[in-house]
Amino acid sequence: MNINARLRLKLLAGAAFFALVGCGRGKELPLSSAAVVPLLPPSPPTAADGALKGQYESNFLVGAAIGLAQIQSETEDADILVKQFSSITAENIMKPQSLSPAEGVYNFADADALVNFSEANGIAIRGHTLLWHRQTPDYFFQGTPIEVKDRLQKYITDVVTHFKGKVYAWDVVNEVVTDNGSDITAPYRNSRWYQAAGNSKDYIDWAFEAARAADPDTKLFLNDYNTETSGKRTRLLAVVKDLIDRGIPIDGVGHQHHLQLSSNVDQALKAIDDVDALFSGLINHITELDISVYSDPGECFSSGENCATSYGDNVPESVINDQAQMYRDLFTGFAARPSVKSVSLWGLTDDASWLNGFPVERPNYPLLYDKDRKVKKAFQAVSDLNFVI
Ligand code: 9MR
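Residues numbered from 1 in each chain as written. Predicted model: local features only at pLDDT ≥ 70, side-chain atom pairs only at ≥ 80, totals over all residues. Heavy atoms only, no water.

Examining helix α13 (residues 317-335)
So, point 1. Here α13 spans 27 Å end to end across 19 residues, near enough to the 27 Å set by a 1.5 Å rise per residue.
So, point 2. What α13 keeps buried is the set V319, I320, N321, Q323, A324, M326, Y327, R328, L330, F331, G333 and F334. (Helix = DSSP H or I, 4+ residues; strand = E, 2+ residues; numbered from the N terminus. Expected span 1.5 Å × (residues − 1). Buried < 20%, exposed > 50% of the residue type's maximum accessible area, 1.4 Å probe, protein only.)

Structure, rendered in structure tokens:
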């Protein structure tokens, strides 16, 4: 919407509001006091039950990444999840470090609590993640490639079997594509996994094969970030093509979509279109969506230099509006693409976002709910397409 249209609507809303107040109060409110009457009534503090998940019911599940606190002690969060979300991802407690801190030792209690909450409330669970080079105990990487393979496959078999029938999709491998096209290992990341597998990509096959054998029905994903940038996307597509050409069982691509206000929405949607064009039958999940209110240059992410100045507690209204518009453009684009089956936010409320500490310590406001558990304009923009931003 252009500025004039927005202004016109505000004036109309203001006039209607003024007329109502004026009627009720009779002479108490002189016409000349229009300047002190707010132009818009305050935003509703809460949303209608089901407004978010209901809007996309025929398109995709709408998810959020959470921790245990949100379902055990933060009852407002639990209430929001039940009312507005159809999918949950464990932000941390289904990672190898949490599930198996020592070889052969499993700690399923926390993850089971999340699964029980979800099942009791009819919310689907997305599994994150069976393999990553972070949040993974050292023991996984020790020994010969054969020992590494056997251990990884046992771990994946045990975990996927434990959650069989409860987790509708797994990020089988997370972030295995390199950020640097000139790496000698490109398109693969030169990670501890790559090295432990004998400087080879074989560990990716091992992971997918073990996951498929343990649960033929759950959907298996390769998940990565920056698929909205062309270089990373090209490398990711090469990795996926290689898996498919060799018959490795993969069902879909997870696009993390950690975006910022300067990100390009068309490119974020092109990531889906490129998967669709190359691999008919694969599905797409948006797995970790958030939109930082800062527009940081590349060096902020690589070295913490030249990051945008913190807004502190005062984010300009224009930024909140731009963020809402961007969320709406993305969700509308996702809904127009039938291969998108799940869209998850990486967090529920702004205060709990990982972006408050990355790439630098700085309050960020990347999600659909604010720290007071009130819906933001971004929520309204995606859950009600008639909402005027
Ligand atoms: O949000 C997660 C944060 O709480 C953890 O400290 C961090 C550890 O590296 O992982 C974060 O989640 C990441 C996800 O698992 C994979 N993609 C990037 C996410 C943000 O770093």
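Some remarks on the state of the cysteines
So, point 1. Here the structure, examined in full by the defined rule, presents 1 disulfide.
So, point 2. Two residues, C300 and C307, share a disulfide whose sulfurs are 2.0 Å apart. Because the sign of the S-S torsion sets the handedness, a value of about 100 degrees for the bond joining C300 and C307 places this disulfide among the right-handed ones. (Disulfide = S-S within 2.5 Å.)

Focus on the layout of surface pockets
So, point 1. Approximately 850 Å³ is the volume found for the largest pocket.
So, point 2. Taken together, the residues of the lining of the largest pocket sort by class into 9 nonpolar, 17 polar and 10 charged.
So, point 3. Empty space within the second largest pocket amounts to approximately 450 Å³.
So, point 4. Together, 16 residues line the second largest pocket, and V315, I320, D350, Y365 and D370 are the ones closest to its centre.
So, point 5. Class assignment for the residues of the lining of the second largest pocket results in 4 nonpolar, 3 polar and 9 charged. (1 Å grid on protein atoms, 1.4 Å probe; cavity = no way out; pocket = protein on both sides within 12 Å on 5 of 7 lines; lining within 4 Å. Points joined across faces, edges and corners; volume = space filled by probe spheres on them. Nonpolar A, V, L, I, M, F, W, Y, C, P; charged D, E, K, R; others polar.)

Quick notes on the pairing of strand β4 (residues 167-174)
So, point 1. The buried count for β4 comes to 7 of 8 residues, which makes it a mostly enclosed element.
So, point 2. A crossover connection joins strand β3 (residues 124-131) to the parallel β4 through helix α7 (residues 145-162); in handedness this β-α-β unit is right-handed.
So, point 3. Two strands pair when backbone bridges link them, and β4 and strand β5 (residues 219-224) are joined in this way by 5 bridges, in the parallel orientation. Looking across to β5, one finds that W170 is bridged to L220. (Right-handed = clockwise from strand over helix to strand, strands pointing away. Pairing = 2+ DSSP bridges.)

Structural notes on the site of the ligand
So, point 1. Within the structure, the ligand sits among 14 residues, and E91, K95, H128, E288 and W346 are positioned closest to it.
So, point 2. Here an oxygen atom of the ligand and a side-chain polar atom of E91 are 2.5 Å apart.
So, point 3. Contact between the ligand and W346: an oxygen atom at 2.9 Å from a side-chain N or O atom of the residue.
So, point 4. For the ligand, whose free accessible area comes to 450 Å², the fraction covered by protein is 80%.
So, point 5. Taking a 2 Å distance to the grid points as the criterion, the majority of the atoms of the ligand fall inside the largest pocket.
So, point 6. The class makeup of the residues in the shell around the ligand is 3 nonpolar, 6 polar and 5 charged. (Near = heavy atom within 4 Å. Polar contact = N/O pair within 3.5 Å; in protein donor to acceptor, adjacent residues only side chain to side chain. Areas by Shrake-Rupley, 256 points an atom, 1.4 Å probe, with all protein chains shown as cover. Sits in = over half its atoms within 2 Å of the grid points.)

By themselves these figures say nothing about function.
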